[in-house]
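Analysis of the macromolecular model
Each chain is listed here by its residues.
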Amino acid sequence: MDTKSLSDRILNHDRRALARGITLVESARADHRSQASELLARLAGAGRQSLRIGLSGTPGVGKSTFIESFGMMLIGQGLKVAVLAVDPSSARSGGSILGDKTRMERLSREKNAFIRPSPSQSHLGGVARRTREAIALCEAAGYDVVLIETVGVGQSETVVSEMSDLFLLLLAPAGGDELQGVKRGIMEMADMILVNKADGDLKAAATRTCADYAGALRLLRKRPQDPEDFPKAMTVSAVEQHGLDAAWKEMQSLVQWRRDNGHWQANRAAQAKYWFDQEVRHTLLARLDTAKAKADMDRLKDEVASGRLSPTTAAEKMLAMLN
Ligand SMILES: Nc1nc2c(ncn2[C@@H]2O[C@H](COP(=O)(O)OP(=O)(O)OP(=O)(O)O)[C@@H](O)[C@H]2O)c(=O)[nH]1
Ligand SMILES: [Mg+2]
């Protein structure tokens, strides 16, 4: 299919076309890459924006269950919901949220929902680009909310927060000392902390944990993009569907405040600049990965080792050859 008709169908809210578009942006083939660029350029003109919500949490905290319940609630309010995943670790069995579709059984049957398993990919740069492009396709296809899920491993929270309008951290109820387990850098990215599993026997622990995190959030440096009472911590139960509505109201009021105060657009602009920068860096590094570049590097390394060339001169020669 040519990119013109594919983009028309995506703009027409066609889910199968959207899935095809995402497959195209995920492909590493050179001809697919150029088609993908063409497609993205066509769709950018539509100027549609979703609310992009990043969601991170350790394995088993209840991300999939939360997305199912939260997504169903949004759909009940007449919204269209897309779910994407960033999963750089192929350590995960199957390496995708495909298996999670069983945990998102109701959501995956909804015609106003679109769930896309993450491609099992190795390096974060590639995953980041594909996910950003998939988000752009979902926005063009008219999704009101795009949820981007990631398991908290290393850098993936940063990647997701840099492509989200809101970043949620899902935590489990825990004993007091577990507070130390959440890295400060990750706390600093969060717009809201949701302590899940606030039900049954875990309810009291969840309430305590929530108070602990609320206290910890107050100690962090104030961010310009936050109104007085943010970031905030709340308890939810994804299984019993408690607190989801309250959390959604808080998200909406935060978004409204950011829109009214220019932070929404400023954040998107800063993210676009960030990704441009990242893309240039990744592409330059990729040029070192070709067979010719590796051979040139090896040859110049020998010259540096023998003292015939200084490291600086050799680097200049190498860089000139990359152009
Ligand atoms: N009691 C209680 N259990 C929950 C809740 N949400 C999730 N669980 C349970 O926690 C377990 C893990 O839930 P998942 O939704 O698969 O968690 P996840 O974060 O997606 O896990 P990974 O995909 O492995 O990273 C399941 O047994 C769920 O039933 C909740 O609100 N309350
Ligand atoms: Mg899951």
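Residues numbered from 1 in each chain as written. Chains lettered and ligands numbered in written order. Predicted model: local features only at pLDDT ≥ 70, side-chain atom pairs only at ≥ 80, totals over all residues. Heavy atoms only, no water.

1. A closer look at the site of ligand 1
Heads up, the condition is: The rule for a residue being near a molecule or strand is that one of its heavy atoms must lie within 4 Å of it. Here a polar contact is taken to be a pair of N or O atoms separated by no more than 3.5 Å, where protein atoms must pair a possible hydrogen donor with a possible acceptor and residues adjacent in sequence count only if both atoms sit in side chains. All accessible areas in this document rest on Shrake-Rupley with a 1.4 Å probe, and a residue is counted as covered only by the protein chains that are shown. Three classes are used, and their members are as follows: Ala, Val, Leu, Ile, Met, Phe, Trp, Tyr, Cys and Pro are nonpolar, Asp, Glu, Lys and Arg are charged, and the others, Gly among them, are polar.
By nearness alone, 17 residues border ligand 1, and K63, S64, T65, R103 and D199 come closest of all. K197 has a polar side-chain atom sitting 3.1 Å from an oxygen atom of ligand 1. Across the complex, the protein chains shield 75% of the 650 Å² of accessible surface that ligand 1 would expose by itself. In the shell around ligand 1, the residues fall into four nonpolar, seven polar and six charged.

2. Some points on the confidence of the model for the protein chain
Convention followed: pLDDT: the predictor's confidence for each residue, scored from 0 to 100. Contacts are residue-level and defined by heavy atoms, with any inter-residue pair within 4.5 Å sufficient.
Residue-level pLDDT values for the protein chain average 89, and 90% of them are 70 or greater. Of the regions scoring below 50 in pLDDT, residues 90–98 engages in 20 contacts with residues more than four places distant in sequence or in other chains.

3. Description of the environment of K80
Which entries qualify depends on this criterion: Working definition: helices are DSSP H or I runs of at least four residues, strands are E runs of at least two. Numbering for both runs from the N terminus.
Residue position: K80 is located in the loop between α4 (63–76) and β2 (81–86). Put simply, K80 and E188 are 108 residues apart on the chain and 29 Å apart in space, counted from C-alpha to C-alpha. Dropping the residues within four chain positions of it, K80 is found in contact with H13, N112, A141, G142, Y143, D144 and V145.

4. Description of a nonpolar patch on the surface
For clarity, the threshold we go by: Each patch is assembled from residues with relative accessible area greater than 30% and no salt bridge, linking like charges that lie within 9 Å and nonpolar side chains (Val, Leu, Ile, Met, Phe, Trp, Tyr) that lie within 5 Å. Between Lys or Arg on one side and Asp or Glu on the other, a salt bridge is scored when a side-chain nitrogen of the former is within 4 Å of a carboxyl oxygen of the latter.
On the surface, a cluster of nonpolar side chains totalling about 300 Å² of accessible area is made up of F276, V280 and L284. Counting through the fold element by element, V280 comes out in helix α11 (residues 263–287).

5. Considerations on the packing of aromatic side chains
Definition in use: Within 6.5 Å between ring centres, the rings of Phe, Tyr and Trp (the latter by its six-membered ring) count as paired, and their orientation is classed by plane angle as stacked under 30 degrees, edge-to-face over 60, tilted in between. Any residue under 20% of the maximum accessible area for its type is buried, any over 50% is exposed, and the rest in between are partly exposed; the area is computed with a 1.4 Å probe on protein chains only. The criterion for a charge sitting over a ring is simple: Lys NZ or Arg CZ within 6 Å of the ring centre, and within 35 degrees of the ring normal.
If you walk through the whole model with that rule in mind, you get four aromatic pairs. On the basis of an interplanar angle of 80° and a centroid distance of 5.9 Å, the ring pair of F70 and W248 is categorised as edge-to-face. Linking F70 in helix α4 with W248 in helix α10 (residues 244–260), this pair joins segments that are 178 residues apart in sequence. In terms of burial, F70 and W248 fall into one category: buried. Linked through ring pairs, F66, F70 and W248 together constitute an aromatic cluster. The ring centre of W264 lies 4.0 Å from the NZ or CZ of R259, which sits over that ring.

6. Side note on helix α2 (residues 15–26)
Inclusion rule: Given the number of residues in a helix, its expected span is that number minus one, multiplied by 1.5 Å.
Here α2 spans 16 Å end to end across twelve residues, near enough to the 16 Å set by a 1.5 Å rise per residue. Structurally, the start of α2 carries an N-cap: the backbone nitrogen of R16 is 2.9 Å from a side-chain oxygen of D14.

7. Some words on the packing of α4 against α10
Test applied: Helix axes are fitted only over the stretch in contact, all axes being lines through C-alpha atoms; the angle between N-to-C directions runs from 0 to 180 degrees. Roughly parallel here means an angle under 35 degrees, roughly antiparallel means over 145, roughly perpendicular means 65 to 115, and every remaining angle is called oblique.
Here α4 crosses α10 at 70°, and the two axes come no closer than 10 Å. Comparing the axis directions of α4 and α10 gives the class roughly perpendicular. Contacts between α4 and α10 involve F66, S69, F70, M73 and L74 from the former and L244, D245, W248 and M251 from the latter. Partitioned by chemical class, the residues of the contact of α4 with α10 number seven nonpolar, one polar and one charged.

8. What about the pairing of strand β4 (residues 145–151)?
We count it as follows: The criterion for strand pairing is that DSSP finds at least two bridges linking the strands in question.
Among the seven residues of β4, seven are classified as buried, and the element is accordingly described as predominantly covered. Neither face of β4 is open: one carries V145, L147, E149 and V151, the other V146, I148 and T150, and all of them are buried. Relative to β4, strand β1 (residues 51–57) is paired through seven bridges, and the arrangement is parallel. Its bridge partner lying in β4, R52 is registered against V146. One ladder, built from six bridges, connects β2 with β4; its direction is parallel. Looking across to β4, one finds that A82 is bridged to V146.

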